[in-house]
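Residue strings, one per chain:
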Amino acid sequence: MVRDINSDDVDKSVVTSDGTRIGRVTNVNDGNARVDRDDDADLTDKVKSMLGWGDSDDSHEVRNEHVDRIDDDRIHLRNK
């Protein structure tokens, strides 16, 4: 099981399971990361559906259940 997302994860990149960067953590609240999506991030419908993200917002939430692993500079999303 992956550790909880915490304030140490602010400014980390968030990447898909294949390593594609989708954004950066800007804030953490109650174990959920607030992620500002990269302007050029071309997210597949599958990824957006898994995360519950729409197209209209630039800032989104990543919950611990979406995370496969966290390393020194990245949060890696699960492959679903």
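Our structure is the block above this text.
Throughout, residues of each chain are indexed from 1 in the direction in which the sequence is written. Only residues with pLDDT of 70 or above have their local features reported here, since the model is predicted, and side-chain atom pairs are shown and tallied only from 80 upward, although totals for entire chains, interfaces and linings are computed over all residues. To obtain the side-chain values, all non-hydrogen atoms of the structure were included, while hydrogens and water were left out.

**Digging into the overall build of the chain**
Right, on to step 1. Helix and strand counts for the chain come out as one helix and six strands.
Right, on to step 2. Listed by position from the N terminus, the elements making up the chain come as β-β-β-α-β-β-β.
Right, on to step 3. For every residue, the accessible area (1.4 Å probe, protein chains only) is compared with the maximum for its type, and the residue is labelled buried under 20%, exposed over 50%, or partly exposed between those bounds. Of all 80 residues assigned to the chain, the portion counted as buried reaches 42%.
Right, on to step 4. Once local pairs closer than 6 in sequence are excluded, the contacts in the chain between residues at least 24 apart make up 42%. Strands here are runs of E lasting at least two residues and helices are runs of H or I lasting at least four, both read from the DSSP assignment and numbered beginning at the N terminus. In this description, contact between two residues means that some pair of their heavy atoms is separated by no more than 4.5 Å.

**Observations regarding the pattern of salt bridges**
Right, on to step 1. Here, a salt bridge means any side-chain nitrogen of Lys or Arg that lies within 4 Å of a carboxyl oxygen of Asp or Glu. All chains considered together, the criterion is met by seven salt bridges.
Right, on to step 2. One salt bridge connects D11 with R24, and the closest N-O pair in it is separated by 2.6 Å. Taken as a pair, D11 in the segment before β1 (13-15) and R24 in strand β2 (residues 21-29) lie far apart in primary sequence, 13 residues in all.
Right, on to step 3. Residue classification places R24 among the partly exposed residues on the basis of a relative accessible area of 31%.
Right, on to step 4. The shortest N-O distance in the salt bridge between R63 and E65 comes to 3.3 Å.

**Re the pairing of strand β3 (residues 32-37)**
Side-chain positions along a regular strand alternate between the two faces of the sheet.
Right, on to step 1. Pairing between strands is defined by DSSP: at least two bridges between them are needed. Pairing analysis gives six bridges linking β2 to β3, with the strands arranged antiparallel. Bridge pairing in β3 places N27 opposite R34.
Right, on to step 2. Hairpin connection of β2 to β3: two residues between the antiparallel strands, including D30 at a positive phi of 55 degrees.

**Observations concerning unusual backbone geometry**
Right, on to step 1. Positive phi is not limited to glycine here, since D11 has a value of about 80 degrees.
Right, on to step 2. At D30, a position not held by glycine, the phi torsion is positive, near 55 degrees.
Right, on to step 3. When you line up the elements, D30 lands in the loop between β2 and β3.
Right, on to step 4. D30 gets classed as exposed once you look at its relative accessible area, which sits at 74%.

**Some remarks on the nonpolar core**
Right, on to step 1. I5, V14, V25, V62 and V67 are the most contacted members of the largest nonpolar core, which totals 13 residues.
Right, on to step 2. Of all the elements in the fold, those that place two or more residues in this core are β2, β3, β5 (67-70) and β6 (74-77).
Right, on to step 3. Here this core takes three residues from β2, the largest share from any one element.
Right, on to step 4. Contacts of V14, omitting those with residues within four sequence positions, involve T20, R21, I22, G23, V25, V35, I75 and L77. Working definition of a nonpolar core: buried Ala, Val, Leu, Ile, Met, Phe, Trp, Tyr and Cys residues. They are joined through side-chain atoms within 4.5 Å.

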